[in-house]
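These are the residues of each chain, in order.
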Amino acid sequence: MDLAAVNHSIPLSDGNRIPLLGLGTYGDPRTTAKGTALECVKLAIDVGYRHFDGALVYFNEHEVGQAIREKIADGTVKREDIFYCGKLWNTFHPPELVRPALERTLKTLKLDYVDLYIVELPMAFKPGNEFYPKDKDGKYIYHHTDLCATWEALEACKDAGLVKSLGVSNFNHRQLELLLNKPGLKHKPVSNQVECHPYFTQPKLLEFCRQNEIVIVGYCPIGSSRDASWVNVKCPPLLEDELLVSIGTKYKKSTAQVALRFNVQRGVVVIPKSFSHERIKHNFQIFDFSLTEDEMKAIEALNKNIRFVELLMWSDHPEYPFHEEY
C-alpha cells in the first residue's frame, strides 16, 4: 500500500474516501480546559491531519467546527479536504429523532454536511434531554431500539445531502448482518468503528468486514488512558511491549508509531486521541517507514483478545455487543 503524509486515504464502498490517520477529539468535559480542542485541531490541520473524529456527546464540537472553519478561512485547507466523522448518540435512535440530532451537530459545527455519520452504539438509552438517563436507583434506563428503522432515517439524511457516508460503531458481526440483510437497504454501512490495536487485532471481525466492503476504524490504536470508569486498568500497558520496543528501536520510532503503522499498513483507519501538541505531531510521523511482512505477522501474533474499553454501563443490555466473540 502506497502511503504518504500528503495522501493516505482509502476508498469506501460508496465511492467516497477516508484518510487512514485521523485525530480523535474526545476530552472529558469536566477536566479539559475550554479552547483545548480548538487549538489542537488547528495545530493538527497545520501538521497535515485531514480526518477528525468527533461526537455531539463530547461537548466540544463547537470548538472543532470553529477550528476547521478558521483553517478554511485562512486558506490552509478547503472544506472538501477535511473529513469529519460525527456520531448518533444512544438517546436519538427513534427514527423521528435521527435527523434533528444530525442537524444539531451541523448547527454546532456550523458546517453544511459531515463526511461520515455513525451509529455510536447498537444499544439505546431512553430518549430525552439527559444523555445518560438514570432511574431513582441510579441505574441506566435502556430503550428498545429498532436498528433497521434508525438506519432508514439515516439513509434519508444521506439522500438529503446532510452526510456523505454512513457507518456504525461497536457493532459485532451479527448486528452488522442485521443492517446488511435489511429489506430495501439503500445505503450499506461503509465503516465500523471498534477498538483495534496489537493486543486486540480483531481478526474475525476484520475478515467479516473486508468480505462486506466495510472499513474498520480503530479507536484506542495505541492503548488508552487508565480511566477506571470505562477502561479495564488491569490490561498490560501496550506501549511497553518488548516486540514493539525492539521494532521501534530498529526504525528509530516509538512504540506508539509502530502500533499506528501496523494498523494503517493493513488498511485499518486509526484515530489516536491526543490534546498534547507534541504527541499530535509525533503520531503523524508514520509515513516515512514501513514494516516488513515478518514484522507485521509478529505484531499480529501479539493479539491477546484484550479490550481496554469495556463499556460497562451497557453490559446488562441484551444487545451488548461484546458478549459475542466478534
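Conventions we followed
In every chain, residue numbers begin from 1 and rise along the written sequence. Reporting of local features is limited, given that this is a predicted model, to residues whose pLDDT is at least 70; pairs of side-chain atoms are given and counted only at 80 or more, and all residues count toward the totals for whole chains, interfaces and linings. Processing note: side-chain calculations cover all non-hydrogen atoms of the structure and skip hydrogens and water entirely. For two strands to be treated as a pair, DSSP must find at least two bridges joining them. Helix and strand assignments come from DSSP, with helices taken as H or I runs of at least 4 residues and strands as E runs of at least 2, each series counted from the N terminus. Contact definition: two residues touch when any of their heavy atoms are within 4.5 Å. An axis is simply a line fitted to the C-alpha atoms; with a helix, the fit covers only the stretch in contact. Between two such axes, the angle follows the N-to-C directions and lies from 0 to 180 degrees. We call a residue buried when its accessible area falls under 20% of the maximum for its residue type, exposed when it is over 50%, and partly exposed in between, using a 1.4 Å probe and counting protein chains only. Note on handedness: a clockwise path from strand one over the helix to strand two, with the strands aimed away from the viewer, defines a right-handed crossover. UniProt positions are given in the numbering used here, feature names are shortened, and annotations may be inferred rather than shown by experiment. In this analysis, the expected span of each helix is defined as 1.5 Å times one less than the number of residues it contains. Any N or O atom pair separated by 3.5 Å or less is treated as a polar contact, with the protein-specific requirement of one donor-capable and one acceptor-capable atom, and with residues adjacent in sequence counted only for side-chain atom pairs. Among buried residues, those of type Ala, Val, Leu, Ile, Met, Phe, Trp, Tyr and Cys that are joined through side-chain atoms within 4.5 Å constitute a nonpolar core. The pairing test for Phe, Tyr and Trp rings, Trp by its six-membered ring, is centres within 6.5 Å, and the orientation test on the planes gives stacked under 30 degrees, edge-to-face over 60, and tilted for anything in between. By definition here, charges over rings are those cases where NZ of Lys or CZ of Arg is within 6 Å of the ring centre and within 35 degrees of the ring normal. Any Lys or Arg side-chain nitrogen found within 4 Å of a carboxyl oxygen on Asp or Glu counts as a salt bridge.

Peer 1: Now, about the sheet that holds strand 11 (residues 215-219): what can you tell me, with residues and values included?
Peer 2: If you trace the eight strands from one edge of the open sheet to the other, you get 3-4-5-6-9-10-11-12, paired in parallel fashion. Where the open sheet ends on each side, the last strands, each with one partner, are strand 3 (23-24) and strand 12 (269-270). Of the strand pairs in this sheet, strand 9 (residues 163-169) and strand 10 (residues 191-195) are connected by two bridges, and their pairing is parallel. When the bridges of strand 10 are listed, V168 appears paired with N192. Helix-sheet contacts for helix 3 (residues 95-109) involve strand 5 (83-88), strand 6 (114-119) and strand 9, and the interaxial angle to strand 6 is about 135°.

Peer 1: Could you give an account of the pairing of strand 6, with specific residues and numbers?
Peer 2: In terms of burial, strand 6 is a largely internal element, six of the six residues being buried. Bridge analysis of strand 5 against strand 6 gives four bridges, and the strand direction is parallel. Paired with K87 across the two strands is I118, which belongs to strand 6. Since strand 5 and strand 6 lie parallel, the crossover through helix 3 that links them has a hand, and here it is right-handed. Note: strand 6 against strand 9, five bridges, orientation parallel. Bridged to Y117 within strand 9 is L166.

Peer 1: Help me get a handle on the UniProt feature "binding site: substrate" (unreviewed entry) in the protein chain, residues and values and all.
Peer 2: Sites flagged by UniProt as "binding site: substrate" (unreviewed entry) map to H143. Along the chain, H143 falls in strand 8 (residues 142-143). According to the relative accessible area criterion, H143 is partly exposed, its value standing at 29%. When sequence neighbours within four positions are dropped, the list of residues in contact with H143 reads P94, A124, F125, K126, P127 and H317.

Peer 1: Could you give me a rundown of helix 4 (residues 147-159), with the residues and numbers involved?
Peer 2: Its 13 residues place the ends of helix 4 18 Å apart at the C-alpha level, agreeing with the 18 Å of an ideal helix rising 1.5 Å per residue. When helix 4 is considered as a whole, its buried residues turn out to be L147, C148, T150, W151, A153, L154, E155, C157 and K158. For helix 4, the secondary structure elements touched by its buried residues are strand 5, helix 3, strand 6, strand 9 and helix 5 (173-180). Taking the backbone nitrogen of C148 as reference, a side-chain oxygen 3.1 Å away marks D146 as the first, capping residue of helix 4. At the C-terminal side of helix 4, G161 shows a positive phi close to 85°.

Peer 1: Report on the nonpolar core, specifying residues and quantitative values.
Peer 2: Grouped together as the largest cluster of nonpolar side chains are 103 residues, with contacts concentrated most on F52 and L291. Sorting elements by how many residues they give to this core places helix 1 (residues 36-47) first, with seven residues. In this view, F52 contacts L23, V41, A44, I45, I82, F83, Y84 and C85; residues no more than four positions away in its chain are not counted.

Peer 1: Break down the packing of aromatic side chains for me, citing the residues and quoting the values.
Peer 2: Tallied over the entire structure, the rule returns 14 aromatic pairs. Consider the rings of F92 and F131, whose centres lie 6.0 Å apart with planes at 75°: the pair is edge-to-face. Of the two residues, F92 sits in the loop between strand 5 and helix 3 while F131 sits in the loop between strand 7 (124-125) and strand 8, which places them 39 residues apart along the sequence. Where F125 meets Y140, the ring centres are 5.6 Å apart and the plane angle is 5°; that geometry is what we call stacked. Highlighted residues: F125 in strand 7 and Y140 in the loop between strand 7 and strand 8, separated in sequence by 15 residues. Residue class for F125 comes out buried when judged on its relative accessible area of 0%. Classification of Y140 as partly exposed rests on a relative accessible area of 26%. Here a set of aromatic residues connected by ring pairs shows up, and it is made of W89, F125, Y132, Y140, Y142 and W314. Note that K164 overlies the ring of Y113, its terminal NZ or CZ placed 4.6 Å from the centroid.

Peer 1: Run through the pattern of salt bridges, naming residues and quoting values.
Peer 2: Where charged atoms from two side chains of opposite charge come close, those side chains can pair. Scanning the entire structure with this criterion turns up 18 salt bridges. Here E324 makes a salt bridge to R174, at a shortest N to O gap of 2.8 Å. Within this pair, whereas E324 is found in the segment after helix 10 (293-300), its partner R174 is found in helix 5, the two being separated by 150 residues in sequence. K250 is paired through a salt bridge with E295; the nearest N and O atoms lie 2.7 Å apart. Within this pair, whereas K250 is found in helix 7 (residues 242-251), its partner E295 is found in helix 10, the two being separated by 45 residues in sequence. The exposure class assigned to E295 is buried, which follows from its relative accessible area of 10%. Taken together, the shared-partner salt bridges in this structure form one network comprising D46, K71 and D74.

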